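Chain by chain, the residues run as shown.
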Amino acid sequence: ASSRFGEMAVRVLLLLPAVTAAFLPGIESSARVIGGTTRRALFADCGRAIAVAAIAAGAGAMPAPAVADKSRGYMTMEEYNKLKAQQLNDEKLYGKFEALRSRAYQTSEFDKLADSSDFGKLSELSRGWENTVRKELMEAIAKELDGESKSKAAEINKIVLADLKSIDKLAKAGAKDDVLAASSALRQHVLDFVALEPSRLQDKFGVGDL
C-alpha cells in the first residue's frame, strides 16, 4: 500500500506543472483581486490543479520527454519503466564492448611472452582469455545482439576459440615465431567482433572527436 501511495505521489508531482498551466489564466485572474478574496481564489485554483493531477496520476499517466505514443502526449508508468530498463541494458552492453575493445590491443602480451620464451605463462594466458574474454565478454555480448549481427558474433566467437587453442598448442610446442602470427590473427578477429557494436550505443554513450 505504501509503495502504491509513493508511486501516486510521484505521478502527482510530475503532472502538476502541466495541469497548473491549464489553470494559469484563472490563477492570474484571481491574483488581481484585492484582499482576502485573492488568497481564497488562489488556494481554490491551486486546489483544483492538484486534484486534476491526482486524477490523471491515478489513471496511470505521466508526462515524459520521450513519448511512447505521440497521439497521447504521455507514457504510462509501465512504458516508462521499460524505457529505463532498456537504457540500463544498453549502458551495460556498451561497457562490455569497450572492455572487449581494450582487450583486443592487449594481445601484444602474447608476443612479449613468446619473445621471452616464457611458454608456460603463454599457455596460461591463452586459457585465461578463454574464460575471461571469450566467455565473459564475447558470449555475453552475442546474447544481446539481434539478426545478422548475432549470427556473425557467434561465428567470430568460434574463430576466436580456435585462435586461443592454436596459441596454447604453439606455446606447448615452443613455436615462438608462429605465436606472433597467431596473436595478430586473434587481435583482428576480436576487432571484427567489436565492429558489430550497434550504432545506437555509440550514439548514446560514445565520445565524439574533441
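**Student:** Sorry, what's going on with the packing of helix H4 (residues 108-115) against helix H7 (residues 176-194) here?
**Tutor:** The description of two helices packed together rests on the angle between their axes and the distance between the axes. Between H4 and H7, the least distance of the axes is 9 Å, while the angle of their chain directions is 175°. By the angle class used here, H4 and H7 are roughly antiparallel. Two secondary-structure elements touch here, H4 through Ser 108, Phe 110, Asp 111, Ala 114 and Asp 115 and H7 through Lys 176, Val 179, Leu 180, Ser 183, Leu 186 and Arg 187. Here the residues of the contact of H4 with H7 are counted per class, giving five nonpolar, two polar and four charged.

**Student:** Looking at this model, I keep getting lost on unusual backbone geometry. Mind explaining?
**Tutor:** Backbone geometry follows two general trends: most residues other than glycine have a negative phi, and most peptide bonds adopt the trans configuration. Although it is not a glycine, Ser 117 adopts a positive phi angle of roughly 55°. Examined against the element boundaries, Ser 117 turns out to sit in the loop between H4 and helix H5 (119-144). For Ser 117, a relative accessible area of 36% gives the class partly exposed.

**Student:** Where do I start with the pattern of salt bridges in this structure?
**Tutor:** Opposite charge on two side chains allows them to pair when their charged atoms are near. This model, assessed by the stated rule, comprises 11 salt bridges. The partner of Glu 98 in a salt bridge is Arg 101, and the shortest N-O contact between them spans 2.2 Å. Of this pair, Glu 98 and Arg 101 both sit in helix H3 (residues 77-104), three residues apart, roughly one helical turn. A salt bridge links Asp 168 to Lys 172, with the nearest nitrogen and oxygen atoms 3.4 Å apart. Of this pair, Asp 168 and Lys 172 both sit in helix H6 (residues 147-173), separated by four residues, roughly a single helical turn. The buried category is assigned to Asp 168, whose relative accessible area is 14%. Connected via shared salt-bridge partners are Glu 130, Arg 134, Lys 135 and Glu 139.

Calculation rules
- Residue positions are counted from 1 within each chain, in the order its sequence is given.
- Since the coordinates come from a predicted model, pLDDT governs what is reported: local features require at least 70, and pairs of side-chain atoms require 80 or more to be given and counted, while whole-chain, interface and lining totals use all residues.
- Here the side-chain values reflect all heavy atoms present in the structure, with hydrogen atoms and water set aside.
- Lines fitted to C-alpha atoms define the axes here, with helix axes fitted over just the stretch in contact, and angles between the N-to-C directions of these axes take values from 0 to 180 degrees.
- Each helix is a run of H or I in the DSSP string that is no shorter than four residues. Each strand is a run of E no shorter than two, and both are numbered from the N terminus.
- Throughout this description, any angle smaller than 35 degrees is read as roughly parallel, any larger than 145 degrees as roughly antiparallel, any in the 65 to 115 degree range as roughly perpendicular, and the remainder as oblique.
- Residue contacts are defined here by distance: any two heavy atoms, one from each residue, within 4.5 Å place the two residues in contact.
- Basically, the charged four are Asp, Glu, Lys and Arg, the nonpolar ten are Ala, Val, Leu, Ile, Met, Phe, Trp, Tyr, Cys and Pro, and anything else, Gly included, counts as polar.
- Classification of residues uses two cut-offs on accessible area relative to the type maximum, computed with a 1.4 Å probe and protein chains only: under 20% is buried, over 50% is exposed, and between them is partly exposed.
- By convention in these notes, a salt bridge is any Lys or Arg side-chain nitrogen within 4 Å of a carboxyl oxygen on Asp or Glu.

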